[in-house]
Amino acid sequence: VFSSMLGRAMVYTCGVFHQVPSFASDSYQGDYAKSAADGTLEEAQFNKLNMICDKLMLQKGETLLDIGCGWGTLCRHAVKHYGAKATGVTLSVEGKKYCDYASKETGIPTEIHCCDYREIPG
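Residues numbered from 1 in each chain as written. Predicted model: local features only at pLDDT ≥ 70, side-chain atom pairs only at ≥ 80, totals over all residues. Heavy atoms only, no water.

Q: Please explain the sheet that holds strand β1 (residues 63-67) as it appears in this structure.
A: Strand pairs in the sheet, formed through backbone hydrogen bonds, run parallel or antiparallel to each other. With parallel pairing, 3 strands are arranged side by side in an open sheet as β1-β2-β3. On the outer flanks of this sheet lie β1 and β3 (111-114), each paired with one strand and no other. For this sheet, the mean angle separating the axes of adjacent strands, direction not counted, is 15 degrees. Pairing geometry for strand β2 (residues 85-90) and β3, over 4 bridges, is parallel. Each residue of the ladder has a partner; that of Thr87, found in β3, is Glu111. (Pairing = 2+ DSSP bridges. Helix = DSSP H or I, 4+ residues; strand = E, 2+ residues; numbered from the N terminus. Axes fitted to C-alpha atoms, helices over the stretch in contact; angles between N-to-C directions.)

Q: What exactly am I supposed to notice about the layout of surface pockets here?
A: Any empty space left between the atoms is revealed when a probe the size of a water molecule rolls over them. As a volume, the largest pocket reaches approximately 350 Å³. What lines the largest pocket is a set of 17 residues, among which Ala9, Thr73, Arg76, Thr106 and Ile108 lie closest to the centre. Within the residue set of the lining of the largest pocket, elements represented by two or more residues are α3 (40-55), α4 (73-82) and α5 (93-106). Partitioning the lining of the largest pocket into residue classes produces 7 nonpolar, 5 polar and 5 charged. Together, 15 residues line the second largest pocket, and Val11, Tyr12, Asp66, Cys69 and Leu74 are the ones closest to its centre. Within the residue set of the lining of the second largest pocket, elements represented by two or more residues are α3 and α4. Here the lining of the second largest pocket gets 3 residues from one element, more than from any other, and that element is α3. Split by residue class, the lining of the second largest pocket holds 8 nonpolar, 5 polar and 2 charged. (1 Å grid on protein atoms, 1.4 Å probe; cavity = no way out; pocket = protein on both sides within 12 Å on 5 of 7 lines; lining within 4 Å. Points joined across faces, edges and corners; volume = space filled by probe spheres on them. Nonpolar A, V, L, I, M, F, W, Y, C, P; charged D, E, K, R; others polar.)

Q: What should I look at first to understand the packing of aromatic side chains in this one?
A: Where two aromatic rings form a pair, the distance of their centres and the angle of their planes describe that pair. A complete count under the given rule lists 2 aromatic pairs for this structure. Both rings, one in Tyr98 and one in Tyr101, keep their centres 6.4 Å apart while their planes meet at 50 degrees; by these two values the pair is tilted. Note that Tyr98 and Tyr101 are positioned in helix α5 at a spacing of 3 residues, about one turn of the helix. Residue class for Tyr98 comes out partly exposed when judged on its relative accessible area of 25%. Three or more aromatic residues joined by ring pairs form one cluster here, namely Trp71, Tyr98 and Tyr101. (Phe/Tyr/Trp six-rings, centres within 6.5 Å; stacked < 30°, edge-to-face > 60°. Buried < 20%, exposed > 50% of the residue type's maximum accessible area, 1.4 Å probe, protein only.)

Geometry only, nothing functional implied.
Right, dumping it as structure tokens:
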């Protein structure tokens, strides 16, 4: 259900568009699949993740702590594209399961804890 709403990246909230996107739905003629598959959402979400890492000036070998990591997308992005180590914290048992699954499937190592932020280990 969430992947249908959030897209392949599983990113909540917003995206960053560097230019006004041209959506397939601008000329909508009943083809929702075409409208949803134009790629602009994924590009905007990728831009958002880059912007976060850039604003943090994240460098190779540094550690990112993402409190409230959702589906772990920022953690995996930081590891894959910035060479960081990433730890995520979520209250969701299902969220942690998905994060662990996604890390294993993509081969991108992250450490995800299911706990309250006040109980983060180490």
